[in-house]
Amino acid sequence: MYGKQEKALIALSLVDGIGPKRMSKLLSMVDEPHEIMQADDSLIKKIIGEKAYKNYGNVVRSSMVEDHIANVEKMGIRMICRFTDAYPSQLEEIFDPPYVLYIKGSLESIPTDKLLGSVGSRAPTRYGQQTAYSICKEAARQGVTVVSGMARGIDTCSHTGALDGGGTTIAVLGSGVDICYPPENIELYDRIMSSGLVISEYRPGASPIANHFRSRNRIIAGLSQAVLVAEADKGSGSKITVDYALDYSREIFAVPGPINSQLSYTPNHLIRDGAHMVLEPGDLLYEMNWAVKRTADVSFKNLSVTLSDEEAEIVRPLMNEELSFEELSEKTGYSPDKLNSLLTMLQLRGIIKQHSGRIYSI
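Residues numbered from 1 in each chain as written. Predicted model: local features only at pLDDT ≥ 70, side-chain atom pairs only at ≥ 80, totals over all residues. Heavy atoms only, no water.

The subject of this paragraph is the packing of helix 14 (residues 325–332) against helix 15 (residues 336–348). Two numbers describe how helix 14 lies on helix 15: the axes approach to 10 Å, and their chain directions differ by 110°. As judged from the angle between their axes, helix 14 and helix 15 are roughly perpendicular. Across the interface between the two elements, Phe325, Leu328, Ser329 and Thr332 of helix 14 pack against Pro336, Leu339, Asn340 and Leu343 of helix 15. Per-class residue counts for the contact of helix 14 with helix 15 are five nonpolar, three polar and no charged. (Axes fitted to C-alpha atoms, helices over the stretch in contact; angles between N-to-C directions. Helix = DSSP H or I, 4+ residues; strand = E, 2+ residues; numbered from the N terminus. Parallel < 35°, antiparallel > 145°, perpendicular 65-115°, else oblique. Contact = heavy atoms within 4.5 Å. Nonpolar A, V, L, I, M, F, W, Y, C, P; charged D, E, K, R; others polar.)

Written out as structure tokens, the structure reads:
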């Protein structure tokens, strides 16, 4: 299953002390990865340091690679190595691309087109949760794969929205793919694997330590053609992902929020500095030319607006009369949570209004 070039990359990735930077220096000495094993030992030692060189010797002179491959396969995990056809082409463009990716899930390969990175606060407001969920849900309905980090908050909402939209999603972890972190996301983790992928550059069993998350952010940005920020405060790790995305010439989208909210700091400043403003899913989808299916067109106030089928089910009865939340729930059959989410998005777009007593009108 794995050729000699792949086994050489896997071997180097198993050496403690050799990361992407040192790997790149080593590979720059040879034409093909397997030739490293025949390279001058003193030169290798000079590049990776004495401590890493001892680890290198232990890996190269043992059956560790074969044992590792066997163990990974038993766990239902696949490895994708750089310089192979299966390796996603967009990651070749990034700074320090991972040489070995561990993947687990239902997709045969990592998609290379129509990928949206969605990042934000681990403690978002209800507004942030709803917007991330709704945008990613509609994106998934249009065939977009949502990429995020499966963290608490916006990441979780983004993955869930994509899955509820009947689409695919990829979780890039800061741990081994066999570890669900945070642990309360185990149900989401299982859902992602059933219709998408969980991927990581860290070997199985690797713990979710702090410096892993910064590194994984470059992969989220690298895989994606566009990155969306819903809510994120000034010091959020989301800005790291955005910075990587800008370095990789990706498109940046942001959802505006109240200027007095700390969680609106990053998206509002991104918009001020030139990011695309997102007021509805269509803003992102049409800018990226990703809208492949038109949704329902509904006319009101002499205007024509494009609505999803679910939104149209709410707007049509409101064209005739004002309705309460309970009446809308009865007419549409939607659950309270779903109806509340749809109503919020319609209000943000200025299509409907809410009055006291949770009465809605056009």
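Okay, the environment of Ile192 next. Checked against the element boundaries, Ile192 lands in helix 8 (residues 186–195). Judged by relative accessible area, which is 0%, Ile192 ranks as buried. Each C-alpha atom, one on Ile192 and one on Ala171, is 7.5 Å from the other, the two residues being 21 residues apart in sequence. Discounting chain neighbours no more than four positions away, the residues touching Ile192 are Met150, His159, Leu163, Thr169, Ala171, Leu197 and Val198. (Buried < 20%, exposed > 50% of the residue type's maximum accessible area, 1.4 Å probe, protein only.)

This part takes up the sheet that holds strand 13 (residues 353–355). Taken together, three strands build an open sheet; the order of strands is 12-14-13 and the sheet is antiparallel. Each edge of the sheet is formed by a strand with only one pairing partner; in this case those strands are strand 12 (323–324) and strand 13. (Pairing = 2+ DSSP bridges.)

With that settled, consider unusual backbone geometry. A cis geometry characterises the amide bond from Tyr181 onward to Pro182, with omega recorded as 0°. Summarising the element assignment, Pro182 is placed in the loop between strand 5 (169–172) and helix 8. Phi at Lys114 is positive, roughly 60°, even though this residue is not glycine. Along the chain, Lys114 falls in the loop between strand 2 (100–105) and strand 3 (115–119). Unusually for a residue other than glycine, Ser249 sits at a positive phi of about 60°. Summarising the element assignment, Ser249 is placed in the loop between helix 10 (238–247) and strand 8 (251–254).

Attention now moves to the environment of Ser195. Mapped onto the secondary structure, Ser195 falls in helix 8. Taking the C-alpha atoms as reference, Ser195 lies 9.2 Å from Ile170; in sequence the two are 25 residues apart. Ignoring anything within four residues of it in the chain, the contact list for Ser195 reads Ser106, Leu107, Leu163, Gly167 and Thr168.

This next bit is on the side chain of Ser134. As for its position among the elements, Ser134 is in helix 6 (residues 126–141). A distance of 2.9 Å separates a polar atom in the side chain of Ser134 from the backbone oxygen of Gln130. Non-local contacts of Ser134, meaning those with residues more than four positions away in its chain, are made with Pro281, Ser341 and Met345. (Polar contact = N/O pair within 3.5 Å; in protein donor to acceptor, adjacent residues only side chain to side chain.)

Taken together, the buried positions of helix 4 (residues 50–60) are occupied by Ala52, Tyr53, Tyr56, Gly57 and Val59. When helix 4 is viewed along its axis, its buried side chains cluster within an angular range of 165° and face the same direction. Exposed positions of helix 4 whose direction lies more than 90 degrees from the buried face are Glu50, Lys51, Lys54 and Asn58. At its buried positions, helix 4 is contacted by helix 1 (4–13), helix 2 (20–27), helix 3 (41–48) and helix 5 (64–74). (Arc of directions from axis to C-beta.)

Turning our eyes to something else, we now look at the packing of aromatic side chains. Between two aromatic rings, the relevant description is the distance of the centres plus the angle of the planes. Summed over the entire model, instances satisfying the criterion amount to four aromatic pairs. Geometrically, the ring pair formed by Tyr244 and Tyr248 is stacked, given 6.1 Å between the ring centres and 20° between the ring planes. No difference in accessibility class separates Tyr244 from Tyr248, as the two residues are buried. If you follow Arg358 out to its NZ or CZ, it ends over the ring of Phe325, 3.9 Å from the centre. (Phe/Tyr/Trp six-rings, centres within 6.5 Å; stacked < 30°, edge-to-face > 60°. Lys NZ or Arg CZ within 6 Å of the ring centre and 35° of its normal.)

Averaged over the protein, the pLDDT score is 90; the fraction of residues at 70 or greater is 96%. Here residues 294–303 is modelled with pLDDT under 50, and outside its nearest four sequence neighbours on either side it reaches 32 contacts, counting other chains as well. (pLDDT = per-residue confidence, 0-100.)

What follows is about the sheet that holds strand 1 (residues 78–81). Taken together, nine strands build an open sheet; the order of strands is 1-2-6-5-4-3-7-8-9 and the sheet is mixed. The open sheet has two edge strands with one neighbour each: strand 1 and strand 9 (276–277). Relative to strand 4 (residues 145–148), strand 3 is paired through three bridges, and the arrangement is parallel. Paired with Leu115 across the strands is Thr145, a residue of strand 4. Most of the contacts of helix 9 (residues 210–223) go to strand 5, to which it runs at about 155°, and overall it touches strand 2, strand 3, strand 4, strand 5, strand 6 (197–200) and strand 7 (226–229).

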